[in-house]
Amino acid sequence: MIELIDVKKRFGLKKVLQGVSFNAPRGAITCLTGLNGAGKTTILKAIMGLTPIQSGSIRIDGSAPHQAMYERIVYVSDQLTMPGRMRIADCFAFMQDYYRNWNSERANELLARFQLNAADKVNSLSKGMAAKLNLLMGLAMDADYMLLDEPFSGVDIFSREEIAAVFSSDMVEGRGIILTTHEIKEIEHLLDYVVMLDHGLITKQFASEDMRMEEGKSVVDVMREVYKR
Amino acid sequence: MTYWRLLNFELKRLALPLGILVVITTILQLYNAYSTANKEMDYAHRLMKVEHLSTMEQYVQAHGYFSYSSSFDELSWLILSIFICAAFIGFYFVFIWYRDSLGRHPFMTRLLMLPASRRNLYWAKLTAPLLVMLSLLALQQLLLPIGDSIYQSIVPSEAREDVPLQMLILINPVLNILLSPNIVALLLYYGTGITAVIILYTGILLERSYRWSGILAGLIYAAAAIFVIVIPLIILQSNYRYLMMETQLTIFYFVLLAAVSSISVWFSQYLLAKKFTI
C-alpha cells in the first residue's frame, strides 16, 4: 500500500500540498481528481522522489521510498521521458539495460496492440502515439504500483478508448494504480477509490462503489457537486 | 555497473560533437602548418629575388632560419581550434544538466528514476565531458608532430631550425597550460579546472533544486569556494608571503583544491539525491 501522511509541500511561498493524507492499496485503482493546480502531479512526483516534501511522510508497503523502489513503482509522466532523438527500439533497449523487471515480451505485445513502429523516433510521434508509448513503457515493467499522470491529456477519442481498455485488461491486474485525470468518463466504472483535491487540500475521498451503493451517485456526480460549488 | 552504463550512454551522445571537433581541429591545425610553411617559402623566394640571392643558404645567412614555432602565433588557426574545443567543452558542462531537464521530453525524470544511486548519474555527467577533453588533448599531442612533419616537408632543412616539440609547447602560452611538461604545473592547471567544474555543478544543482533562490545560493557558494581556493595566492601577494615557502604554498593550494572539491561533490550528491526538483 502507498500511504501519504500529512504531506506538505511549498513552492516558494505557495502552499501546493497542505497536509495531504490518503492510502492507495495494491490491486486497486485510486484516482486523484481536481482542477488545475490542485496538487495532483506534485503528489505523484513526491511519491517518486522527484520533488522533495517539506513535512509529512510517504510510505510504500511500510517503508520509506528509496532508489531501489524504482523497480517496484513506475511513474508514467504526462510527457515522454526519453530523449527525442531516440527510436522506440532504443528506448526499449535502454529500459532493458537498467531495469531488471522490464518485460520485453509484454513491451512487444503492446507495441503491436498500440500500432507503434519500433523504428520511429520519439520526437516524430503524435501526442496520442506518445501517450500510448508512455503507457506502454510503464506497463512493460513488472511493477507492483503504477502512477499515471493525466494519461488521457490531449489524446483523441480513439486513442483514449485504446488506453482506457488497458485499465480493464489483465495487464494492470494485481497492481496498485494511482492516476490523475480530469477526464474520467471512460474509466469511471473501473475506479476503486477517488481522492478529490482543491488547492492542495483533500476535499473528499471515498470508495466509488460505496458512493454508488449508498448515495446513488457516480464519481462524475460527486465531482460536479464538489467543484461546481 | 550503472555508472559504466550511464557513462557509455553519455559518451554515445557526445560521439557526434566529438567527431566534429576532431575533424575541425585536425583540418585547422594541419592547414596551419601547411599555410605557415608555404607563406614562409613564398616570402623567402620573393626576398631572394629582390636581394638577388641565389641559394637558400645565402637567404639564411642574411635573414636567419625559419622555424615551426612561427605557426604557433597567438592568432593562428591552431589557437582558434583550441579555443573552439575549449568553448564547446565549457558549454557542454552546463548543457549536460539542462539538455535533459528542459524541453518536450524531460529525460532527467527517467534518469532520476533509475533503480540505482543517483551518485552514478553525477559521476557519469562529470566524467563524460572530461573524457572528451582528454581525447582532444591526446589528439593535440598527435597533431603537433604531424604538423611538424608537414612543415618540414615544405621548408627545406637548410632553411629551418628544428625546435624540439617540448620547446614549442613551452613557447606557446596556451599549449604550455594544456600540455605542460612540468608535472606539478600540469596537476595544478587540471586540478584547478576540474575543481571549477565541480563548483559549477554544485551551482547548477542548487539552481535545479531551488530555482531562483538556488541561483543566488549558487553564486554565493561559488564565491565562497573561489575565495577559499585563492587563499594561497592572496598570501603570495601579501606581506606574509615570507612565512611560507613556494613548495608549502603549492601543497597548501592542492589541499584546498581537494577540500573544496570533496565538499562540493558531497553537497552536489546530496542535492541530487534529496533536493533536485523536476
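Every residue gets a number counted from 1 within its own chain, in the order that chain's sequence is written. The lettering of chains begins at A and the numbering of ligands begins at 1, in the order of writing. With pLDDT at 70 or above as the cut-off, local features in this predicted model cover only qualifying residues; side-chain atom pairs require 80 or more to be listed or tallied, and sums for whole chains, interfaces and linings still use all residues. Excluding hydrogens and water, the side-chain values take into account all heavy atoms of the structure.

By the naming in an unreviewed UniProt entry, chain B is ABC transporter permease, taken from Paenibacillus terricola.

Labelled according to an unreviewed UniProt entry, chain A appears under the name ABC transporter ATP-binding protein, originating from Paenibacillus terricola.

## So, the packing of aromatic side chains
Stacked, tilted and edge-to-face are the three classes applied to pairs of Phe, Tyr and Trp rings, where Trp contributes its six-membered ring and a pair requires centres within 6.5 Å; stacked means planes under 30 degrees apart, edge-to-face means over 60, and tilted covers the rest. One pass over the structure, following the stated rule, counts 18 aromatic pairs over all chains. Between Phe 94 of chain A and Tyr 98 of chain A, the ring centres sit 4.5 Å apart and the planes meet at 40°, which makes this aromatic pair tilted. Taken together, the residues Phe 94 of chain A and Tyr 98 of chain A, both in helix H2 (residues 88-98) and four residues apart, mark about one turn of the helix. The same class applies to Phe 94 of chain A as to Tyr 98 of chain A, namely buried. With 5.5 Å between their ring centres and 80° between their planes, Tyr 122 of chain B and Trp 123 of chain B make a pair best called edge-to-face. Runs of E in the DSSP output that reach at least two residues are strands. Runs of H or I that reach at least four are helices, and both are numbered from the N terminus. Buried means the residue's accessible area, taken with a 1.4 Å probe over protein chains only, is under 20% of the maximum for its type, while exposed means over 50%, and partly exposed covers the values in between.

## Some remarks on the UniProt feature "transmembrane region" (unreviewed entry) in chain B
Mapped onto this numbering, the UniProt entry gives "transmembrane region" (unreviewed entry) at residues 14-34, 75-99, 120-143, 186-206, 212-236 and 248-267 of chain B. End-to-end, the C-alpha atoms of residues 186-206 of chain B are 30 Å apart, and along that stretch the chain is 100% helix and 0% strand. UniProt positions are given in the numbering used here, feature names are shortened, and annotations may be inferred rather than shown by experiment.

## Brief notes about the side chain of Ser 208 of chain A
All names here are of chain A. Counting through the fold element by element, Ser 208 comes out in helix H6 (residues 208-215). For Ser 208, a relative accessible area of 2% puts it in the buried group. Pairs of N or O atoms are called polar contacts if they sit within 3.5 Å, as long as, within protein, a hydrogen donor faces a hydrogen acceptor (for residues adjacent in sequence, only side-chain-to-side-chain pairs). At a separation of 2.4 Å, a polar atom in the side chain of Ser 208 contacts the main-chain carbonyl oxygen of Leu 191. Residue contacts are counted whenever heavy atoms from the two residues lie within 4.5 Å of one another. Once you skip the residues sitting within four places of it in the chain, Ser 208 turns out to touch Leu 191, Asp 192, Tyr 193, Val 194 and Val 219.

## A few points about the domain arrangement of chain B
Residues and elements named next belong to chain B. Taken domain by domain, chain B holds domain 1 (1-179) and domain 2 (182-278). Distance between the C-alpha centres of domain 1 and domain 2: 27 Å. Contact with domain 1, which involves 25 residues of that partner, is made by 19 residues of domain 2. Both faces combined, the contact of domain 1 with domain 2 buries some 2,000 Å², and carbon together with sulfur accounts for 73% of it. The term buried area means the drop in 1.4 Å probe accessible area that two parts suffer when joined, counted for both and summed. It is Trp 97, Tyr 98 and Tyr 122 that lose the most area in domain 1 upon contact with domain 2, and together they represent 32% of the buried surface on that side. Where a domain begins and ends is set by an automatic assignment or by a domain database.

## Considering the interface of chain A and chain B
Across the contact, 26 residues belong to chain A and 26 residues belong to chain B. Across the chain A/chain B interface, buried area totals approximately 2,400 Å², and carbon plus sulfur atoms make up 60% of it. If you sort the residues of chain A by the area they bury against chain B, Leu 50, Gln 67 and Tyr 98 of chain A come out on top, with a joint share of 28%. Any carboxyl oxygen of Asp or Glu within 4 Å of a side-chain nitrogen of Lys or Arg constitutes a salt bridge here. Remark: the boundary between chain A and chain B carries zero salt bridges. Summed over the shared surface of chain A and chain B, the number is 14 residue pairs in polar contact (both at pLDDT 80 or more). Looking at the side of chain A that touches chain B residue by residue, the class counts come to 15 nonpolar, seven polar and four charged. Each residue gets one label: Ala, Val, Leu, Ile, Met, Phe, Trp, Tyr, Cys and Pro are nonpolar, Asp, Glu, Lys and Arg are charged, and the others, such as Gly, are polar.

## Points about the nonpolar core
For this analysis, a nonpolar core means a set of buried residues of the types Ala, Val, Leu, Ile, Met, Phe, Trp, Tyr and Cys, connected via side-chain atoms within 4.5 Å. Within the largest apolar cluster, 131 residues are counted, with the highest numbers of intra-cluster contacts made by Phe 94 and Phe 167 of chain A together with Trp 97 of chain B. In this structure, this core is formed jointly by two domains, domain 1 (1-179) and domain 2 (182-278) of chain B, each of which donates at least three residues. Setting aside residues up to four positions removed in sequence, Phe 167 of chain A forms contacts with Ile 29, Leu 148, Pro 151, Phe 152, Val 172, Ile 177, Leu 179, Ile 187 and Leu 190 of chain A. Among the nonpolar cores identified, the runner-up in size contains 27 residues, and Met 48, Phe 66, Val 155 and Leu 179 of chain B belong to it.

## Some thoughts on the sheet that holds strand E5 (residues 73-76) of chain A
All names here are of chain A. Pairing is mixed across the open sheet formed by six strands, whose spatial order is E5-E6-E7-E3-E8-E9. With one partner strand each, in any of the chains shown, E5 and strand E9 (201-207) form the two edges of the open sheet. Neighbour to neighbour, the strand axes of the sheet diverge by 15° on average, direction disregarded. Where strand E8 (residues 193-198) and E9 come together, six bridges link them in antiparallel fashion. Residue pairing in the sheet places Val 194 in a bridge with Phe 206 of E9. By this definition, two strands are paired if DSSP reports at least two bridges between them. Fitted lines through C-alpha atoms give the axes, limited to the stretch in contact for helices. The angle between two N-to-C directions lies from 0 to 180 degrees.

## With respect to the sheet that holds strand E4 (residues 55-60) of chain A
All names here are of chain A. Strands sit in the order E2-E1-E4 across an open sheet of three strands; the sheet is antiparallel. With partners counted over all chains shown, the strands left at the sheet margins are strand E2 (14-24) and E4, one partner each. Taken pair by pair, the neighbouring strands of this sheet meet at an average axis angle of 20°, ignoring direction. As defined by bridge partners, strand E1 (residues 2-11) adjoins E4 across five bridges and the pair is classed as antiparallel.

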